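Examination of the molecular architecture
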Amino acid sequence: MIYLDNNATTAVASEVRDAMLPFFAGEYFNPSSMYDAAKPVKHAVESARELIAGYLGASQSSELLFTSCATESINAAIFGAIRANPERRHLITTAVEHPAVLEIGKELQREGFEVSFIGVDRQGNLNLGEFVRELRSDTLLVAVMHANNETGVVFPIERLSRVVKETDPSILFLCDATQSMTKLPIRLDSHFRNIDMLAFSGHKFHAPKGVGGLFLRRGTRCRTFLIGGHQESGRRGGTENVPYIVGMAKAVERAAATHDDDINRMERLRNKLEAGIIQKIPNVEVNGLGAERMPNTLNIAVHYIEGEGILYQLSSLGICASSGSACTSGSLEPSHVLTAMGVPFTAKHGSVRFSLSRYTTEREIDFVIDSFPEIVARLRRMSPYWDQATNKPRQTKTAAIEMKFP
Ligand code: PLP
């Protein structure tokens, strides 16, 4: 199997699994218990907190809360901020956020909040003018992702957060770093110093699914979201998931140790895949080309065929990738990210995302470069929009196609 869907989830690293095992066996105690046997368990949780907080440049480890995933962290940040600041009823986010943010925005609109969804250009870059214009005296919170999960496009978080704080230091800035954590530099004591809250999820960087983190800068006005016991200094009730927290810290430690090598390798292989596909297949384009992108992500638009068909064919060869459309959720709606970017109809339905990890090998990439052209050719042979004789798109106006498939 060739796994190129690492923006969806990653394999648990063997070092991570080994670090977790003792906490499934003898070290099973509740970290809040008072007896001596529980002390090493408590110590393991606090060491993990120190390691990850230090990696991010937090000024103290207590600024890091452990959660069950990025979705929980984002919910805790947004709803906690709303409850602590009820007088402000305006939020700013972007049109290309992950549903973990986007759906909260829509829900808040239904509840009577005003939410501005900032658009992007054809490359996926944020409309900075629109962003600045939307900052208002009643703006409570700005929630912007660091890197896009579909295209890999990176937003200028340092600049955006500086503009926000220069406009009004009391506006809170939440950064969704779920895709960028361990792949792009994040320092909360330097270029990310204007970030108040930062969310991430362990399973995107070789820790298991079911553990995440929320950085909450000291002094940030944010009420407790998950009310219960006094865990996490009373800011997130619920017994800590000790093995997974330990595993997530190990994954961060491992990523930090080999960061530059991993990133360079991933980027080289991603670029090779990109160049190979562009060279061998006509009428393809890279979504997000020209924008700053994550080193591991390639979102490629293949005009005139369906992404689901491509995925099916890839899967039959043992290659795992994703399509931009939300087909996994049972809908054939095209991706909201590609729609916001203005990707034409003939391409957004045929977009495929390959996302690499540090375990991706050159042989795997070569295999995809060799097999992908034949898959596309086969599907185009069946496409009513492709002319076999000329190996070019049929002379049909895109507008006419849009009319047939509204
Ligand atoms: N934010 C981004 C950018 C993501 O890519 C994801 C998951 O893909 C999430 C948030 C939600 O992460 P989780 O499902 O781990 O809660």
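Here's what I pulled together on the structure shown here.

Procedures and definitions
- Residues numbered from 1 in each chain as written.
- Predicted model: local features only at pLDDT ≥ 70, side-chain atom pairs only at ≥ 80, totals over all residues.
- Heavy atoms only, no water.
- 1 Å grid on protein atoms, 1.4 Å probe; cavity = no way out; pocket = protein on both sides within 12 Å on 5 of 7 lines; lining within 4 Å.
- Points joined across faces, edges and corners; volume = space filled by probe spheres on them.
- Helix = DSSP H or I, 4+ residues; strand = E, 2+ residues; numbered from the N terminus.
- Nonpolar A, V, L, I, M, F, W, Y, C, P; charged D, E, K, R; others polar.
- Domains from an automatic or database assignment.
- Near = heavy atom within 4 Å.
- Polar contact = N/O pair within 3.5 Å; in protein donor to acceptor, adjacent residues only side chain to side chain.
- Areas by Shrake-Rupley, 256 points an atom, 1.4 Å probe, with all protein chains shown as cover.
- Core = buried A, V, L, I, M, F, W, Y, C linked by side-chain atoms within 4.5 Å.
- Buried < 20%, exposed > 50% of the residue type's maximum accessible area, 1.4 Å probe, protein only.
- Contact = heavy atoms within 4.5 Å.
- Pairing = 2+ DSSP bridges.
- Axes fitted to C-alpha atoms, helices over the stretch in contact; angles between N-to-C directions.

Empty space among the atoms becomes apparent when a probe as large as a water molecule is rolled across them. The tally for this structure, following the rule as stated, stands at three cavities of 30 Å³ or more. Taken as a whole, the largest cavity encloses approximately 140 Å³ of empty space. Residue lining of the largest cavity: 15 residues in total, with Thr182, Lys183, His206, Met266 and Arg358 positioned closest to the centre. Considering each element in turn, the lining of the largest cavity owes the most residues, four residues, to helix α8 (residues 259-280). Here the lining of the largest cavity is built from residues that sort into five nonpolar, six polar and four charged. A domain split of the lining of the largest cavity shows at least three residues from each of domain 1 (13-255) and domain 2 (259-402).

This brings us to the site of the ligand. Taken together, Cys69, Ala70, Thr71, His98, Met145, Asn149, Asp176, Thr178, Gln179, Ser201, His203 and Lys204 make up all the residues around the ligand. Side-chain polar atom of Asp176 to a nitrogen atom of the ligand: 2.6 Å apart, as the coordinates give it. Measuring from an oxygen atom of the ligand, one finds a side-chain N or O atom of Lys204 at 2.6 Å. When the ligand is considered free in solution it has 390 Å² of accessible area, and contact with the protein chains removes 88% of it. Taken together, the residues of the shell around the ligand break down into three nonpolar, seven polar and two charged.

In terms of nonpolar packing, the biggest core is built from 61 residues, with Ile52, Phe131, Val142, Phe155, Phe173, Leu198 and Phe200 touching the most fellow members. Here this core spans two domains, and each of domain 1 (13-255) and domain 2 (259-402) adds at least three residues to it. Dropping the residues within four chain positions of it, Ile52 is found in contact with Leu64, Phe66, Met181, Phe200, Met248, Ala249 and Val252. Core analysis: the second largest hydrophobic core is formed by 27 residues, Ile2, Leu4, Val352 and Ile369 among them.

Bringing the sheet that holds strand β3 (residues 90-94) into the picture now. To summarise the sheet geometry, strands pair through backbone hydrogen bonds and adopt either a parallel or an antiparallel arrangement. Strand order in this open sheet of seven strands is β2-β8-β7-β6-β5-β3-β4, and the pairing throughout is mixed. Of all strands in the sheet, those with a lone pairing partner are β2 (64-67) and β4 (114-118), marking the two edges. When the angles between neighbouring strand axes are averaged without regard to direction, this sheet yields 15°. One ladder, built from five bridges, connects strand β7 (residues 197-201) with strand β8 (residues 212-216); its direction is antiparallel. In the strand pairing of β8, Leu198 is matched with Phe215. Running at roughly 145° to β4, helix α4 (residues 99-110) makes contact with β3, β4, β5 (139-145) and β6 (172-176) of the sheet.

Outside of glycine, negative phi angles account for most residues, and trans bonds account for most peptide bonds. A positive phi is found at Thr182, a non-glycine position, where the angle reads about 75°. Mapped onto the secondary structure, Thr182 falls in the loop between β6 and β7. With a relative accessible area of 9%, Thr182 lands in the buried category. Of note, the phi angle at His206 is positive, near 75°, even though the residue is not glycine. Locating His206 in the fold gives a position in the loop between β7 and β8.

Moving on, we get to the pairing of strand β13 (residues 351-355). Among the five residues in β13, five count as buried, and that is most of the element. Neither face of β13 is open: one carries Ser351, Arg353 and Ser355, the other Val352 and Phe354, and all of them are buried. Across five bridges, strand β10 (residues 297-302) lies against β13 in antiparallel orientation. Bridge pairing links Ile300 to Val352 in β13. Summarising the sheet, strand β12 (residues 322-323) and β13 pair through two bridges and their orientation is antiparallel. Paired with Ser323 across the strands is Val352, a residue of β13.

The analysis is restricted to geometry; functional conclusions fall outside its scope.
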